[in-house]
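Residues per chain, in single letters:
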Amino acid sequence: MLKTSIHSSLNCYHCGEVCTNETIVFDKKQFCCEGCKTVYEILNQNNLCNYYNLEQTPGITPPKNLSKKFEYLESEPLIDKLLDFRDENTSVVTFYLPQIHCSSCIWLLENLYKLNADVNSSRVNFLKKEVKIVFSHQNLSLRQLVELLASIGYEPTINLNDLNNTKKKPIDRSLIFKLGIAGFCFGNIMLISLPEYFGLDGIKESHFAKFFGYINILLSLPVLLYSASGYIQSAFQAIKHKTINIDIPIALGIFALFFRSVFEIITHTGSGYLDSLAALIFFMLIGRIFQQKTYDILSFERDYKSYFPIATTIISEDNIEKNIAVAELNVGDTILIRNNELIPVDAVLVKGPANIDNSFVTGESNPIRKEVDDKIYAGGKQIGQAIQLKVIKKLSHSYLTQLWNDEAFTKADEDKFEGIMTKMSKYFTIIILFIAFGSMAYWWNIDIKTAFNSFTAVLIIACPCALALSAPFTFGNVLRILGRNKFYLKNASVIEKISKATTIVFDKTGTITQSSKSNITYHGTALTKEQKNQIASVLRQSSHPLSKMVFNSIPTVEIIEVEEYQELIGKGLMGKINQFSIQLGSEKFVKNVAESSSKATRVHVKINDDYLGYFQLENSYRNGLRSIIVKLSPFFKLNLISGDNDSELDNLKSFFGNTSEFLFNKNPEEKLEYIKSLQQKGEATLMIGDGLNDAGALKQSDVGISISEDVNTFSPACDAILDAKVFEKLPNFIGYCKSSITIIITSFTISFAYNIVGLLFAVSGMLSPVFAAILMPISSITVVVFVTLATNIVAKKYQL
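Everything in this summary refers to the structure shown in the same document. Predicted, not measured: the structure shown is a model, and the values here were computed from it. (Residues numbered from 1 in each chain as written. Predicted model: local features only at pLDDT ≥ 70, side-chain atom pairs only at ≥ 80, totals over all residues. Heavy atoms only, no water.)

Another point: the nonpolar core. Residues Phe506 and Phe656 are the most contacted members of the largest nonpolar core, which totals 56 residues. Ignoring any residue separated from it by four or fewer positions in sequence, one finds Phe506 in contact with Ile512, Ile629, Leu632, Leu638, Asn639, Leu640, Ile641, Phe656, Ile688, Phe727 and Leu730. (Core = buried A, V, L, I, M, F, W, Y, C linked by side-chain atoms within 4.5 Å. Buried < 20%, exposed > 50% of the residue type's maximum accessible area, 1.4 Å probe, protein only. Contact = heavy atoms within 4.5 Å.)

Next comes the structure, spelled out in structure tokens:
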């Protein structure tokens, strides 16, 4: 087999893409990239491992000693900076691969696990040319992984920016270069064509006219072959793959203008339309750059520090604990992480036995034991008693935001607006082609020049770009406005789901009740200072709202080390301090009785075998709850589900009324099953809970909203986070999401109206191709301006 590299613009044998860079010739066939060549060889070999002469056994070793250029990847400090995550067995790394070119590249890179069983998974972000790889570093080192990628033609770009975690990517300036060439040629063609514009017959009839005509043809070639290459290649690929896209009519218009102009100049029957051609491409490139800038705005990475309203508990040098925003953490700070709380930053364990559940990061749910001085990565969750960590890296990037949007936590609902736009664009192009050819046929026998102008103008002015921008730009602006008002959505699809909700299910404790204002009283045997210290020390380990409320109600205490801590969901807490066993929780759990003696919310206390009494809580409902219920009840079914008893049923009925459904004494599994039962009845459910105890129900519901107060209650199961301070604005947020759908439909209507009016002028021959090219991006600008103004005006209506 022969392998060489030549420069070519032919098509790839495997994927059909135009080979715009170096063409790889292999086995007498041409390929656009290493990916296509490799996939071709693999398909011929019928087996990925046979192709690489590897055995299908765990721990396959990639090609060793590919070169000494990757020896630096054996440095532990450098590896630590490059990795996104590492525990005892698994590492996660993200590489920038500029070689990613087409679907073959994606297929090959996402099948790395077939090349090496120690690659657990790999996911490609095609737009960013990145691959995220989860691998077992016990058998596969980072150097070996990079060598494996290099051996199949995908050597990662690793530079100092990666080590500083900035990871800046090269800027693609090809559109700017194309615009510059088109502008230069456009200006010169117009300058040469001045005699035509001013009707100077003497010059037009001289031999200079022929010379200037040929110069114009030469100047138009770079415009056609380089500046317009993107449109022409896209149209060619669509035809080759038997599909239709919007670039087909544009390419037809370009060719019609060029060949008609060349024919007129060569046959001396006219001066052609090369100035119109250059102007057309120049203005279309301006429109495309504008569109690209728009998409860049829409695809921004939401920065963690301005995104999550969660806080964490920091411990000062004098052992005073206080809650601060995660964004305010600095390197060297000591933080407290309780049971089931998320670790928000990379840190080192300084106190306490850590059992870290990394399912949020790697999908592996088995807790990993960590010892003092071990490094713990952001995204892990502590299981067991509270631990203390020292921060080693500020979280100023979007790492946890990326994790939140990982496939493992997304719901299998496709974006329906995107599907509609795909179908609409297909039929849109077919209709435009029909209108263009019909218009040309009509004018042909009347005026050939008008026929060409009409044909080209129809093809150019009709563009679905504005339609494609409507939904993403509207949703992007809505996300920004909601975030500014402390309602944080995972992604744009959540807006559409909120607008379709029919039933809202509220949790009680920590959701509609306000933990900071609850009235707590102790009843029973008087507690000694030592007993108060013991009770507070056990309560401190838990992130449950009741635990935190009781802990905050106990006066200044001394925290003691807790051993054998356990938190039994729906029951209570257990822990051992020296020779004392402390048990806190429900009456059934602590006193081992079949039924509770009271319906009041109580946390019972037992030390060793001595029952001491209970803390009784009188809940304080959140401000504005009654107003929320009044505003939502005409439009939604409002239900309440709680793990607590029904002691406050009468109070709750005074808020919700008698038509709502109330369920009490439900554990997390029963909450999840209740949501499922509603969905089976055809209800679109919106669940509002505390994020941790309701994780299953939040994930099962169509939309899960987690209430965040001043604690680290973020859960990957939720679709949105609502800052407790703006709880009373919930109806405004839901109404705003519904209105955003109306804005999208209105923007669709504007875009359709623009295209219909433009087509009427184009078909009538009253619109030249140049003006069509100028007007084409105006539809996109109009839609962007409209949705920006509309979303902001509607936001003011909802007081956002």
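Looking now at the sheet that holds strand S13 (residues 368–370). Taking strand neighbours across the sheet as the criterion, the 3 strands line up as S13-S12-S15 in an open arrangement whose pairing is antiparallel. Edge positions in the sheet fall to S13 and strand S15 (381–382), since each has one partner strand and no second. With 2 bridges connecting them, strand S12 (residues 354–357) and S15 associate as antiparallel partners. Among the inter-strand pairings, Asp357 is bridged to a residue of S15, identified as Lys381. (Pairing = 2+ DSSP bridges. Helix = DSSP H or I, 4+ residues; strand = E, 2+ residues; numbered from the N terminus.)

Attention now goes to helix H24 (residues 649–656). Every buried residue of H24 is listed here: Leu652, Phe655 and Phe656. The buried residues of H24 all sit within an arc of 80° when viewed along its axis, so they share a single face. Next to the buried residues of H24 lie strand S18 (503–507), helix H23 (625–632), strand S25 (637–641) and strand S26 (662–663). One or two positions beyond H24, positive phi appears at Gly657, with a value near 90°. (Arc of directions from axis to C-beta.)

In the structure shown here, the tally under the stated rule is 13 salt bridges. The residue Glu147 makes a salt bridge to Arg143 at a minimum N-O spacing of 2.8 Å. Here Glu147 and its partner Arg143 are both found in helix H6 (residues 142–151), 4 residues apart, which amounts to about one turn of the helix. Assigned by exposure class, Glu147 and Arg143 land together as buried. Across the pair Glu587 and Lys591 runs a salt bridge, and its minimum N-O distance is 3.5 Å. You can see Glu587 and its partner Lys591 sitting in helix H22 (residues 587–591), 4 residues apart, about one turn around the helix. (Salt bridge = Lys/Arg side-chain N within 4 Å of Asp/Glu carboxyl O.)

So, about the sheet that holds strand S4 (residues 85–86). Strand order in the open sheet made by the 4 strands is S4-S5-S7-S6, with antiparallel pairing throughout. Strand pairing shows two members of the sheet lacking a second neighbour, S4 and strand S6 (119–125), which therefore form its edges. Across 6 bridges, S6 lies against strand S7 (residues 130–136) in antiparallel orientation. In the sheet register, Val124 faces S7, and the bridge partner there is Val131. Along the sheet face, H6 touches strand S5 (90–96), S6 and S7 and points at about 40° away from the line of S5. (Axes fitted to C-alpha atoms, helices over the stretch in contact; angles between N-to-C directions.)

What follows deals with the environment of Thr450. One can find Thr450 in helix H17 (residues 448–461). For Thr450, a relative accessible area of 15% corresponds to the buried category. Between the C-alpha atoms of Thr450 and Ser764, which are 314 residues apart in sequence, the distance is 8.9 Å. Setting aside residues up to four positions removed in sequence, Thr450 forms contacts with Trp443 and Gly765. Looking at Thr450, its side chain comes within polar contact range of the side chain of Asp447, at 2.7 Å. (Polar contact = N/O pair within 3.5 Å; in protein donor to acceptor, adjacent residues only side chain to side chain.)

The next point concerns the packing of H23 against helix H27 (residues 730–763). Following both chains from N to C, one finds H23 and H27 inclined at 30°, their axes separated by 9 Å at the closest point. Relative to H27, the element H23 is oriented roughly parallel. Contact residues: Ile628, Lys631 and Leu632 in H23; Leu730, Pro731, Asn732 and Ile734 in H27. Across the contact of H23 with H27, the residue classes tally to 5 nonpolar, 1 polar and 1 charged. (Parallel < 35°, antiparallel > 145°, perpendicular 65-115°, else oblique. Nonpolar A, V, L, I, M, F, W, Y, C, P; charged D, E, K, R; others polar.)

Moving on: the packing of H23 against H24. Packing of H23 against H24 brings their axes to within 8 Å, and their N-to-C directions diverge by 50°. In this view, H23 runs oblique relative to H24, as classed from their interaxial angle. Every residue of H24 that contacts H23 at Leu625, Arg626 and Ile629 is listed here: Ser654, Phe655 and Phe656. Considering only residue class, the contact of H23 with H24 consists of 4 nonpolar, 1 polar and 1 charged.

Quick look at the environment of Gln799 now. By the element assignment, Gln799 lies in the segment after helix H28 (769–797). In sequence terms Gln799 and Asn732 are 67 residues apart; their C-alpha atoms lie 7.6 Å from each other. Leave out the neighbours within four places in its chain, and Gln799 touches Lys729 and Asn732.

Quick look at the pairing of strand S8 (residues 311–315) now. Of all 5 residues in S8, 5 are buried; the element is thus mostly enclosed. Burial of S8 is two-sided: the residues Ala311, Thr313 and Ile315 facing one way and the residues Thr312 and Ile314 facing the other way are all buried. Relative to strand S9 (residues 321–325), S8 runs antiparallel, the two being bridged by 5 bridges. For Ile315, the partnering residue across the bridge sits in S9 and is Glu321. Hairpin geometry of S8 and S9 is characterised by an intervening segment of 5 residues between the two adjacent antiparallel strands and by a positive phi of about 65° at Asn319.

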